[in-house]
Amino acid sequence: MALQVFHRTRILRSRIHSSWMTFALVFSLLLPVILGIGLYLKSASLLQEYSIWEILFSSKWKPLSGQFGMLPFIISSLWVTMIALLVAGPVCLLSAIHLTQYAKPIVLRIMHPVIDILAGIPSVIYGVWGVLVIVPFTADVIGPIFHKSITGYSILSGGIVLAVMIIPFILNILIEVFRTIPEELTEVTLSLGATRWMVVKHVLIKKAFPGIVSAFSLGLSRAFGETIAVLMVVGNVTHIPTGALQPGYPLPALIANNYGEMLSVPMYDSALMLAAFVLLVIVIMFNIVSRWMIHRLEKNI
Amino acid sequence: MNILKLRKAEELIFRIIMFLATTVIILALCMIIYSILHKGLPSVSWSMISQLPKGGFYFGKEGGILNAILGSVYLASGATLLAFVLGLPVSLYINIHLHKRKKLVNGIRFMLDVMWGIPSIVYGAFGFSVMLFFGMRSSLLAGMLTVTLFILPIMIRAIDEIVKTVPSGLLEATLSLGSTKSETAYRVYFRQCISGITTALLLSFGRAIGDAASVLFTTGYTDNLPTSLAKPTATLPLAIFFQLSSPIEEVKARAYASAVILTVIILIISIISRITSRKYQKNKIK
């Protein structure tokens, strides 16, 4: 009798655990959908007044007179992320090849904590570092090269800070990608008399190409959503930037900077929620495509 | 013969460039830590850590940032706990209950990886609009819930990476001895992975304590100690952010000092997680 009760409680407990587990799983997977719906509903009132294209491709941002053109912010975001990728991409690619093909195991053992710590540093710390080092650097070193006197709070500073922030992220994925390329492939080429570098150039890069592209685009999407660090160094001036030394005003910075005053102006909160929604959609799309490419690469080799 | 020399030279040049690329990354980390410590350490003092902001604090008068330190610790601990309660079952479930359904599990992992990429400002904006919907004011609780959502995918995937490595023989053995799946999950798998789970907890805690964009909307800012879940709370990243934007030098210096405190917390977390993941490794059945 006692044993029966014991078993019954065990089964009951198992059922309770299982249903909690199922709930947690469903909840976690629905999270992006809930996020999307929530932000969309908040921005719906703006979308009733204007069409989405009107908002995305108009350059007039005057919330007080009801004009919500987001083009300056979108262009700024593109500038900053492209510069970040231009700086971080080559560095990561070269370093990943070095670490997986040439370096001794000890170098990799040093690099692992370096990557982890770089990835773990909060973005506000990157922002402080940007203000302390990168902003004066652009003002005092880069500016004079182009014969311009600038404050240093510019798209270039934002791009450089972002580049350092996405380096650990891209590097990690690239190392994984190069690891999936089978050893035999490189060994065969080596045995035919090729140098290591020829193997890298003609075999490794070609084989891993989709993986490299995806790693870069994942880094790009990460840079696209970065807020605080960029906000602190990029200058935040509403205009369409035409050069890297000008200040910019990326989309996440726009959201973060205006949350205080947005409730008093009609439609302002809808506009900012729409900005967040646009950010969410772009980042998710980038992520799905590039993760899928990496997944395919791992399966095919 | 000449072409061989050319190839060797090309290889040498590229090896040097590649080596430089790796060095640049290491140097960047050193430079970040050096510049933060160099600028901030002179302003770090005991009163800074142990006191609340006093009158005229934001004009450079006396006081400290205990409110922000405690606020951040409360916020991050609460969020990590909530994310753990939701996240651990998910990672166990997809590795034990869904053990045979490889395709489904891969799909779930894919989704979680995609969610990892969602920027924290989006979570912040979402948390803010939900807060308004329910008529809540900015508070510790609202911030905690928002940060929970933000670190949930990180928590699940980090634990999942560890649970994945448990040999499936263990699952078969325990099930054949008559244990239920949830007993296997919590009594066998959980203990097997305890070190990895600690690392995952620390990783999520680090993310939670360092993120500013998700709490910017939701927790507000106050000079008082956090006494209730329903009240607004100061956080360390925002303390740095707000103080740095001040034109007064003393306040700026305090921002640098706060940055040192946050950096040291993050470094300690990362060192502890390295130690724990080594220490428990030897008790594991392989």
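Residues numbered from 1 in each chain as written. Chains lettered and ligands numbered in written order. Predicted model: local features only at pLDDT ≥ 70, side-chain atom pairs only at ≥ 80, totals over all residues. Heavy atoms only, no water.

1. Comments concerning the packing of aromatic side chains
Phase 1: According to the stated counting rule, one finds eight aromatic pairs over all chains in the structure shown.
Phase 2: Arranged with centres 5.3 Å apart and planes meeting at 80°, the rings of F73(A) and Y249(A) form a pair that is edge-to-face. Separated by 176 residues along the polypeptide, F73(A) in helix α3 (residues 71-102) and Y249(A) in the loop between α9 (228-233) and α10 (251-257) bring together distant segments of the chain.
Phase 3: Taking the relative accessible area as the measure of exposure, Y249(A) reaches 9% and is therefore buried.
Phase 4: Seen in terms of ring centroids, F241(B) and F242(B) are 5.8 Å apart; in terms of plane orientation they differ by 45°. Their pairing is tilted.
Phase 5: Relative accessible area serves as the criterion here: at 15%, F241(B) is assigned to the buried category.
Phase 6: Of the aromatic side chains, those joined through ring pairs into one cluster are W20(A), F23(A) and F27(A). (Phe/Tyr/Trp six-rings, centres within 6.5 Å; stacked < 30°, edge-to-face > 60°. Helix = DSSP H or I, 4+ residues; strand = E, 2+ residues; numbered from the N terminus. Buried < 20%, exposed > 50% of the residue type's maximum accessible area, 1.4 Å probe, protein only.)

2. Some words on the environment of E187(A)
Phase 1: Relative to the elements of secondary structure, E187(A) occurs in helix α7 (residues 183-191).
Phase 2: Considering only alpha carbons, one finds E187(A) and L297(A), 110 residues apart in sequence, at a separation of 20 Å.

3. A few points about the interface of chain B and chain A
Phase 1: In this assembly, 76 residues from chain B lie in contact with 78 residues from chain A.
Phase 2: Roughly 7100 Å² is buried in total at the junction of chain B and chain A, and carbon and sulfur atoms are behind 80% of that figure.
Phase 3: Its largest share of buried area at the contact with chain A, chain B owes to M18(B), I25(B) and I32(B), together 9% of the area lost on that side.
Phase 4: Linking chain B with chain A are three salt bridges, by the criterion used here.
Phase 5: Here E183(B) ties to R10(A) by a salt bridge, and the two come within 2.7 Å at their closest N and O atoms. (Contact = heavy atoms within 4.5 Å. Buried area = accessible area lost by both parts, 1.4 Å probe. Salt bridge = Lys/Arg side-chain N within 4 Å of Asp/Glu carboxyl O.)

4. What to know about empty space enclosed by the protein
Residue and element names in this part refer to chain A.
Phase 1: Tallied over the full model, the rule gives two cavities of 30 Å³ or more.
Phase 2: Size it by volume and the largest cavity reaches roughly 50 Å³.
Phase 3: Along the walls of the largest cavity sit S77, V80, T81, L162, A223, F224, E226, V230, P250 and P252, which together make up its complete lining.
Phase 4: Volume-wise, the second largest cavity comes out at about 30 Å³.
Phase 5: Partitioned by chemical class, the residues of the lining of the second largest cavity number five nonpolar, two polar and one charged. (1 Å grid on protein atoms, 1.4 Å probe; cavity = no way out; pocket = protein on both sides within 12 Å on 5 of 7 lines; lining within 4 Å. Points joined across faces, edges and corners; volume = space filled by probe spheres on them. Nonpolar A, V, L, I, M, F, W, Y, C, P; charged D, E, K, R; others polar.)

5. Concerning a nonpolar patch on the surface
Phase 1: Taken together, V26(A), L30(A), V33(A), I34(A), I37(A), Y40(A) and L41(A) make up a surface patch of nonpolar side chains, about 620 Å² in accessible area.
Phase 2: Along the chain, the position of I37(A) falls in helix α1 (residues 2-49). (Patch = residues over 30% accessible without salt bridge, like charges linked within 9 Å, V, L, I, M, F, W, Y side chains within 5 Å. Areas by Shrake-Rupley, 256 points an atom, 1.4 Å probe, with all protein chains shown as cover.)

6. Observations regarding the layout of surface pockets
Space left empty within the atom packing is revealed by a probe, the size of a water molecule, rolled over the atoms.
Phase 1: Reported here for the second largest pocket is a volume of approximately 350 Å³.
Phase 2: In terms of lining residues, the second largest pocket is bounded by 16 residues, among which F126(B), V130(B), L145(B), T146(B) and L149(B) are the most central.
Phase 3: For the lining of the second largest pocket, the secondary structure elements donating two or more residues are α1 of chain A together with α3 (66-96), α5 (120-133) and α6 (140-163) of chain B.
Phase 4: Ranked by residue count, the leading element in the lining of the second largest pocket is α6(B), at five residues.
Phase 5: Classifying every residue of the lining of the second largest pocket by side-chain character gives 13 nonpolar, three polar and no charged.

7. Some thoughts on the pattern of salt bridges
All names here are of chain B.
Phase 1: Taken as a whole, this structure holds eight salt bridges over all chains when the rule is applied.
Phase 2: With its nearest N and O atoms 2.7 Å apart, the salt bridge here joins D160 to R157. With D160 and R157 both in helix α6 and three residues apart, this pair spans about one turn of that helix. Take D160 and R157: they sit in the same class, and that class is buried.

8. Thoughts on the domain arrangement of chain B
All names here are of chain B.
Phase 1: When its domains are assigned, chain B resolves into domain 1 (2-43) and domain 2 (48-283).
Phase 2: At the interface, seven residues of domain 1 touch eight residues of domain 2.
Phase 3: Counting across the domain 1 and domain 2 interface gives zero salt bridges.
Phase 4: Run the count over domain 1 and domain 2 and you get zero residue pairs in polar contact (both at pLDDT 80 or more).
Phase 5: Split into classes, the residues belonging to the side of domain 1 that touches domain 2 amount to four nonpolar, two polar and one charged. (Domains from an automatic or database assignment. Polar contact = N/O pair within 3.5 Å; in protein donor to acceptor, adjacent residues only side chain to side chain.)

9. Observations concerning the nonpolar core
Phase 1: In this structure, L39(A), W61(A), Y126(A), V128(A), L171(A), I228(A) and M232(A) are the most contacted members of the largest nonpolar core, which totals 189 residues.
Phase 2: Looking at this core element by element, the count peaks at 18 residues for helix α6 (residues 155-180) of chain A.
Phase 3: Summarising the domain contributions, this core has at least three residues from each of domain 1 (2-43) and domain 2 (48-283) of chain B.
Phase 4: Each residue touching Y126(A), except ones within four places of it in the same chain, is listed here: L118(A), I121(A), V161(A), V164(A), M165(A), A229(A) and I32(B). (Core = buried A, V, L, I, M, F, W, Y, C linked by side-chain atoms within 4.5 Å.)

10. A word on the packing of helix α5 (residues 123-145) of chain A against helix α1 (residues 2-40) of chain B
Phase 1: The N-to-C vectors of α5(A) and α1(B) enclose an angle of 75°; their axes lie 10 Å apart at closest approach. When the axis of α5(A) is compared with that of α1(B), the two are roughly perpendicular. Along its contact with α5(A), which presents I125(A), Y126(A), V128(A), W129(A), L132(A) and V133(A), the element α1(B) presents M31(B), I32(B), S35(B), I36(B) and K39(B).
Phase 2: Of the residues belonging to the contact of α5(A) with α1(B), the class tally is nine nonpolar, one polar and one charged. (Axes fitted to C-alpha atoms, helices over the stretch in contact; angles between N-to-C directions. Parallel < 35°, antiparallel > 145°, perpendicular 65-115°, else oblique.)

11. Comments concerning the confidence of the model for chain A
Phase 1: Averaged over all residues, the pLDDT of chain A is 83; the fraction at 70 or higher stands at 96%.
Phase 2: Within chain A, the element-level pLDDT minimum falls on strand β1 (residues 61-62) of chain A, averaging 75, and the maximum on α6(A), averaging 90. (pLDDT = per-residue confidence, 0-100.)

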